[in-house]
Amino acid sequence: MGALEKAIDSAMQNNLNEFPIDVFPESIQHLILNAKDTVQFDPGYLSAGILSTIATSIGKRSSLNNGSYTVLPILWVVIVGRRGTAKTHPLKFAKQPLEEIDNENYAMYERELSEYENSNSGDTVSKPIFKKFLLDDFTLEKLIEILQFNKHGVLIFQDELMKWVNNFNRYKSGGEQQSYLSLWNGDTINTDRKTIRSYRVNDPCVNIIGGMQTEKLKSFAANRIDDGFLDRFLFVIPEKSKPRLFKAETLNLHLVKDYKRLIGNILDFEGQEIKSTKKCEDIYKKWQHKRAYEVFKDDVEAAVFAKIDTYVWRLALVIEMAFQASNADFNSELSPETMEKAIKLAEYFYLQALKVHDRLATKDPIDQLNVNQRELYDKLPKTFKRKE
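Sequence order as written defines residue numbering, which begins from 1 separately in each chain. Totals for whole chains, interfaces and linings use all residues, but because this is a predicted model, local features are given only for residues with pLDDT of at least 70 and pairs of side-chain atoms are given and counted only at 80 or more. To get the side-chain values, all heavy atoms of the structure are used, and hydrogens and water are removed first.

A.B. asks: Just checking my understanding: could you explain the overall build of the chain for this structure?
C.D. replies: When its secondary structure is counted, the chain shows 14 helices and ten strands. Partly exposed residues are those whose accessible area sits between 20% and 50% of the maximum for their type, while under 20% is buried and over 50% is exposed, using a 1.4 Å probe and protein chains only. Within the chain, buried positions represent 49% of all 388 residues. Pairs of residues are marked as contacts when any of their non-hydrogen atoms sit within 4.5 Å. Put simply, 78% of the contacts in the chain that link residues at least 6 apart link residues at least 24 apart. Here a helix means four or more residues in a row that DSSP labels H or I, a strand means two or more in a row labelled E, and each is numbered from the N terminus.

Structure representation (structure tokens):
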């Protein structure tokens, strides 16, 4: 058994093959379980959507200083499953609080735009700007422009994430993937083009979430491993997917209201810099030192762990703010319990990343067919009897 298989087995023995929903406040845990029982949302998919929505709501309002550097809640998340596994519904539900705010902002923008176009104020009044959280169809230049006016950040939401990556360099050649690598790091990003105004955004906060069909993983990974692009994503791959059965039931409205209240509390909060404590740093160092030695001799594991290690502090920020917002009681200290939850969640994402690399390393005989052979294969019926 190879090192990769051993690592996966070890993580699975520690019961980290399913999303650990206990990293969330109790109200969110109840919502996830209720959604599973009523509208058949996969707990992992919904958890991913909620995690991403909380991170986007925090944006640049709050940060975390771990004693060495400061992090923002930048999470890039992919939920993976077969076609027809209802990946989109949980994500759409999770982002509803942000969608509702975008709808309100757009209605306000239309009113202000109408007033602006009907006014005679000339250049004395600035043209209204539509400020929004959610992005779907856009160019990199437009993203940078939007970030200029959406100071706290945005969420790139894609039903199918391949649509986003396939549009890289749609209007220009080269460099777009590298620009996104900079965005993941939170590096300053500029746009300098003759045809548009120049923009410069410091400390950009761009979250990403989307779905992906299992069979698209290899296409997604193509030309995106060596530069670390693939390993910047947090994957959610349910261990045991089940058929979605109609129950004629709805979500508990009280739990939905609690969720929206939590997001609202984060958005209404002026923000803060959370600081880690000596105890949190000791918890992290004990874990990080042990895991760094364990993965050091394996190139794949070391590469995966390097990004997961970076994510620990980002996850800690998101979890800490979620708990503080659930009680509407904010303070600037990271709790040791949050540090442990962040590590637990990081270990889960580490396992998911190894699953992805394991799948990429597995050669599907269908992939070895030439064009003519593949065309013939695709024309074969899905099922047939042996005598045929």
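Following the structure, the description resumes.
A.B. asks: Please clarify how the sheet that holds strand E10 (residues 273–275) should be interpreted in this entry.
C.D. replies: What holds strands together in a sheet is hydrogen bonding between their backbones, with the strands either parallel or antiparallel. When DSSP finds at least two bridges between two strands, those strands are taken to pair. In space, the three strands of this open sheet follow the order E2-E1-E10, with mixed pairing throughout. Strand pairing shows two members of the sheet lacking a second neighbour, strand E2 (70–71) and E10, which therefore form its edges. Where strand E1 (residues 63–65) lies against E10, three bridges are found, and the strand directions are parallel. Along E10, the bridge assignment pairs Ser63 with Glu273.

A.B. asks: Would you mind going over the sheet that holds strand E9 (residues 234–236) with me for this structure?
C.D. replies: One open sheet accounts for five strands, arranged E4-E5-E8-E3-E9; its pairing is parallel. The sheet is open, and its two borders are formed by strand E4 (134–135) and E9, each paired with just one other strand. Judged from the two bridges that link them, E4 and strand E5 (residues 154–160) form a sheet pairing that is parallel. If you follow Leu134 over to E5, its bridge partner there is Leu155. Each of strand E3 (76–81), E5, strand E8 (206–213) and E9 touches helix H3 (residues 43–58); the most contacted strand, E8, lies at about 160 degrees to it. Its contacts with the sheet put helix H6 (residues 140–149) on E4, E5 and E8, and the angle it makes with E5 is roughly 140 degrees. Throughout, an axis means a line fitted to C-alpha atoms (over the contacting stretch in the case of helices), and angles, computed between N-to-C directions, take values from 0 to 180 degrees.

A.B. asks: Honestly, unusual backbone geometry in this entry has me stumped. Any pointers?
C.D. replies: Glycine aside, the phi torsion of most residues is negative, and most peptide linkages are trans. Although it is not a glycine, Ala86 adopts a positive phi angle of roughly 55 degrees. Of note, Ala86 is situated in the loop between E3 and helix H4 (88–94). Residue classification places Ala86 among the buried residues on the basis of a relative accessible area of 19%.

A.B. asks: Even after reading the chapter, I still don't get the pairing of E3, so can you show me in this structure?
C.D. replies: The side chains of a regular strand alternate, residue by residue, between the two faces of the sheet. Along E3, six of the six residues are buried, which leaves the element largely enclosed by surrounding structure. Both faces of E3 are covered, namely the face carrying Trp76, Val78 and Val80 and the face carrying Val77, Ile79 and Gly81. Bridge count for E3 against E9 is three bridges, and the pairing is parallel. Within E9, the position partnered with Val77 by the bridge is Leu234.

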